[in-house]
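Architecture at a glance
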Amino acid sequence: MKKLFHELVKFCAKGNVLELATGVMIGTAFSAIVNSLVNDMLMPLIGLVTGRVQLSGLFLALDFKNYPSLEAAKEAGVDTLNYGAFLQAVVNFIIIALCVFMFVKLMARLLPKHEEPKKVERLCPYCKQAVHEEAVRCPHCTSDLSDA
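This structure is a prediction, so every number in the text was calculated from the model and none was measured.

Criteria and thresholds
- Residues numbered from 1 in each chain as written.
- Predicted model: local features only at pLDDT ≥ 70, side-chain atom pairs only at ≥ 80, totals over all residues.
- Heavy atoms only, no water.
- Helix = DSSP H or I, 4+ residues; strand = E, 2+ residues; numbered from the N terminus.
- Rg over C-alpha atoms; globule rule 2.2 N^0.38 Å.
- Buried < 20%, exposed > 50% of the residue type's maximum accessible area, 1.4 Å probe, protein only.
- Contact = heavy atoms within 4.5 Å.
- Areas by Shrake-Rupley, 256 points an atom, 1.4 Å probe, with all protein chains shown as cover.
- Lys, Arg positive; Asp, Glu negative; His and termini not counted.
- Charge placed at Lys NZ, Arg CZ, Asp CG, Glu CD.
- Expected span 1.5 Å × (residues − 1).
- Polar contact = N/O pair within 3.5 Å; in protein donor to acceptor, adjacent residues only side chain to side chain.
- Patch = residues over 30% accessible without salt bridge, like charges linked within 9 Å, V, L, I, M, F, W, Y side chains within 5 Å.
- Salt bridge = Lys/Arg side-chain N within 4 Å of Asp/Glu carboxyl O.
- 1 Å grid on protein atoms, 1.4 Å probe; cavity = no way out; pocket = protein on both sides within 12 Å on 5 of 7 lines; lining within 4 Å.
- Points joined across faces, edges and corners; volume = space filled by probe spheres on them.
- Phe/Tyr/Trp six-rings, centres within 6.5 Å; stacked < 30°, edge-to-face > 60°.

1. Regarding the overall build of the protein chain
- A count of helices and strands for the protein chain gives 4 helices and 4 strands.
- Going from N to C terminus, the protein chain has its helices and strands arranged as α-α-β-α-β-α-β-β.
- For 148 residues, the compact-globule estimate of 2.2 N^0.38 gives 15 Å, and the protein chain exceeds it by more than 25% at 31 Å.
- The principal-axis extent of the C-alpha atoms belonging to the protein chain is close to 95 × 50 × 30 Å.
- The buried share among the 148 residues of the protein chain stands at 14%.
- For the protein chain, the share of sequence-separated contacts (at least 6 apart) that also reach a separation of at least 24 residues comes to 31%.
- Total accessible area computed for the protein chain in this model is approximately 12,200 Å², and 66% of it derives from carbon and sulfur atoms.
- Computing the positive centroid from 15 side-chain charges and the negative centroid from 14, the protein chain places the two 3 Å apart.

2. Looking at unusual backbone geometry
- One non-glycine residue, Phe64, adopts positive backbone phi at about 60°.
- Here Phe64 shows up in the loop between strand E1 (60–61) and helix H3 (70–75).

3. Details of helix H1 (residues 2–13)
- Spanning 12 residues, H1 covers 16 Å between terminal C-alpha atoms, matching the ideal 16 Å at 1.5 Å per step.
- Across the 12 residues that make up H1, only a small minority, 0, are buried.

4. Things to note about the side chain of Thr80
- With respect to the helices, strands and loops of the structure, Thr80 is situated in strand E2 (residues 80–81).
- Looking at Thr80, the relative accessible area reads 14%, which means it is buried.
- A polar contact of 2.9 Å, which involves the side chain of Thr80, links it to the side chain of Asn82.
- For Thr80, the contacting residues outside a window of four places in its chain are Phe59, Leu60, Ala61, Leu62, Leu70, Ala73 and Lys74.

5. Side note on a nonpolar patch on the surface
- Taken together, the side chains of Leu60, Leu62, Phe64, Leu81, Tyr83, Phe86, Leu87, Val90, Phe93 and Ile94 define a hydrophobic patch exposed on the protein surface, amounting to about 1,000 Å² of accessible area.
- At 6 residues, the largest contribution of residues to the nonpolar patch is made by helix H4 (residues 83–110).
- Relative to the assigned elements, Leu81 resides in strand E2.

6. Concerning the layout of surface pockets
- Within this model, the largest pocket holds a volume of roughly 150 Å³.
- Lining the largest pocket are Asn39, Met43, Pro44, Gly47, Leu48, Arg52, Val53, Gln54, Leu55, Ser56 and Gln88.

7. What about H4?
- For H4, spanning 28 residues, the distance from its first C-alpha to its last is 40 Å, which sits close to the expected 40 Å at 1.5 Å a residue.
- Buried residues of H4: Gly84, Gln88, Asn92 and Ile95, and no others.

8. Some remarks on the side chain of Gln88
- Structurally, Gln88 is set in helix H4.
- On the basis of relative accessibility, which here comes to 10%, the residue Gln88 falls in the buried class.
- In this structure, Gln88 is in contact with Val38, Asn39, Met43, Leu55 and Ser56, ignoring residues within four places of it in sequence.

9. Description of the packing of aromatic side chains
- Taken as a whole and assessed by the stated rule, the structure comprises 1 aromatic pair.
- With a centroid separation of 6.5 Å and an interplanar angle of 40°, the aromatic rings of Phe30 and Phe103 are classed as tilted. Pair noted here: Phe30 is in helix H2 (residues 15–49) and Phe103 is in helix H4, with a separation of 73 residues, a long-range link.

Here it is in structure tokens:
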């Protein structure tokens with residue numbers, strides 16, 4: 001049991017696991033912010049434009065009778081197809097995806113570009129192929145480069 005615990009600690013101490021956990025926590029908080037943006041700011045405006053239609057309240061009663069609200073249909077014991085809740089989730093997803101995309105673009109602009117270190121190469125004096133600076137023998141023609 002002690003060995004298993006040490007393996008778990010070693011696994012959790014890896015950089016990728018900690019980065020993933022941090023990303024999940026930030027993503028959860030970000031999702032809550034965007035859900036609030038959608039539900040508290042955008043959907044009331046959309047409801048105002050569409051004549052007070054509340055998207056999440058749209059449903060189809062599976063007994064094909066009309067009910068004034070989703071709650072009334074549930075009280076009557078009728079199964080419902082809640083397509084409005086699905087549409088609300090799609091709108092939330094699109095807005096979250098747009099926000100994440102814009103955030104990533106902003107961070108890419110703000111953070112410095114990571115450049116690969118340039119390989120220092122020289123040309124073999126015999127075959128004229130590129131050879132690493134520290135090489136003592138050409139990998140192409142196998143010439144001795146210790147003098148060159």
